[in-house]
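If you want the building blocks of each chain, they are given just below.
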Amino acid sequence: TEYVRLLRSTVRSIVRSTLHQTRTGELRDFPAHMILFLDGLEQIYVINLQFLQDLQMRVNTWYQQQPLGELFLQLGPLVLLYQDYLFLYPAFLDLRTDNTWRSWFKHIEEKLDGQLEVSFLRPFNRLMQYLALAKELENVTPKLHHDHAHLREAINLLEPVVST
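Residues numbered from 1 in each chain as written. Predicted model: local features only at pLDDT ≥ 70, side-chain atom pairs only at ≥ 80, totals over all residues. Heavy atoms only, no water.

1. Description of the overall build of the protein chain
Of the regular secondary structure elements, the protein chain holds seven helices and zero strands. Summarising its shape, the C-alpha atoms of the protein chain cover approximately 60 × 30 × 25 Å along the three principal directions. Counting the 164 residues in the protein chain, one finds 45% classified as buried. Carbon together with sulfur atoms contributes 55% to the accessible area of the protein chain, which is approximately 9,200 Å² in total. Here the protein chain contributes 16 positively and 19 negatively charged side chains, and the mean placements of these two sets differ by 4 Å. (Helix = DSSP H or I, 4+ residues; strand = E, 2+ residues; numbered from the N terminus. Buried < 20%, exposed > 50% of the residue type's maximum accessible area, 1.4 Å probe, protein only. Areas by Shrake-Rupley, 256 points an atom, 1.4 Å probe, with all protein chains shown as cover. Lys, Arg positive; Asp, Glu negative; His and termini not counted. Charge placed at Lys NZ, Arg CZ, Asp CG, Glu CD.)

2. Remarks on the packing of helix α4 (residues 76–94) against helix α6 (residues 116–140)
As a packed pair, α4 and α6 sit with axes 11 Å apart at the nearest point and diverge in direction by 160 degrees. Classified by the angle between their axes, α4 and α6 sit roughly antiparallel to one another. Taken as a pair, α4 and α6 cross one another with a handedness that is left-handed. Here α4 contributes Y82, Y85, L86, Y89, F92 and L93 to the contact with α6, which in turn contributes L116, E117, F120, L121, P123, F124 and L127. (Axes fitted to C-alpha atoms, helices over the stretch in contact; angles between N-to-C directions. Parallel < 35°, antiparallel > 145°, perpendicular 65-115°, else oblique. Left-handed = near helix turned anticlockwise from the far one by under 90°. Contact = heavy atoms within 4.5 Å.)

3. Section: the pattern of salt bridges
All told, the structure shown has seven salt bridges when counted by the stated rule. Ionic pairing is found between E110 and K106, a salt bridge with its closest N-O pair at 4.0 Å. Of this pair, E110 and K106 both sit in helix α5 (residues 102–111), four residues apart, which is roughly one turn of that helix. Here the two residues E110 and K106 agree in accessibility, since each one is exposed. (Salt bridge = Lys/Arg side-chain N within 4 Å of Asp/Glu carboxyl O.)

4. So, unusual backbone geometry
The residue D29 is not glycine, and still its phi comes out positive at about 60 degrees. Looking at the secondary structure, you find D29 in the loop between α1 (2–24) and α2 (32–60). A positive phi is found at D113, a non-glycine position, where the angle reads about 50 degrees.

5. What about the environment of V15?
As for its position among the elements, V15 is in helix α1. Linking V15 and I108, residues 93 residues apart in sequence, is a C-alpha distance of 9.6 Å. The contact partners of V15, leaving out residues within four places of it in the chain, are T10, L38, L41 and E42.

6. Overview of the packing of aromatic side chains
The way to describe two aromatic rings as a pair is by their centre distance and the angle between their planes. Inspection of the entire model under this criterion finds 13 aromatic pairs. Each ring, one from F51 and one from F72, has its centre 5.4 Å from the other, and the planes form 65 degrees; the classification is edge-to-face. Of the two residues, F51 is situated in helix α2 and F72 in helix α3 (residues 69–73); the sequence distance between them amounts to 21 residues. Accessibility classification places F51 together with F72 in one group, the buried group. Taken together, the ring pairs connect F30, F37, Y85, Y89, F92, W101, W104, F105 and F120 into an aromatic cluster. (Phe/Tyr/Trp six-rings, centres within 6.5 Å; stacked < 30°, edge-to-face > 60°.)

Okay, here's the thing in structure tokens:
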């Protein structure tokens, strides 16, 4: 999907190169919490890629009793990543005002065509879409269908993170 393509682009052009530069010493004294933030974005990308591949496979082989709620439950590890990522996001933005990192931010802003905040908020927006989709599926899934409980459980898992 477009979301995964955009996320992949950010991970490949910004995250991986920055993490590589911190490992090789090209980028010195990069704050440890920002390394965690960028690493979290890469992990979010990987989990989303797998989720969307699994979802597409189910859609391609669709039948009436096809369970989808369990796919949303597989987002469980992603929820913890999102919590950490969203917690670190304000610090990431605050770092823009630090003169030490101003040129790095200018560089990534150029790579992202001036869409820095949009690009780094994209995972949160996607999580809200996943929650909306799970709620929509729950509304059209009969309560006796075995997938209804999975959808409810997934909604309960996603709602606290989206509401923060």
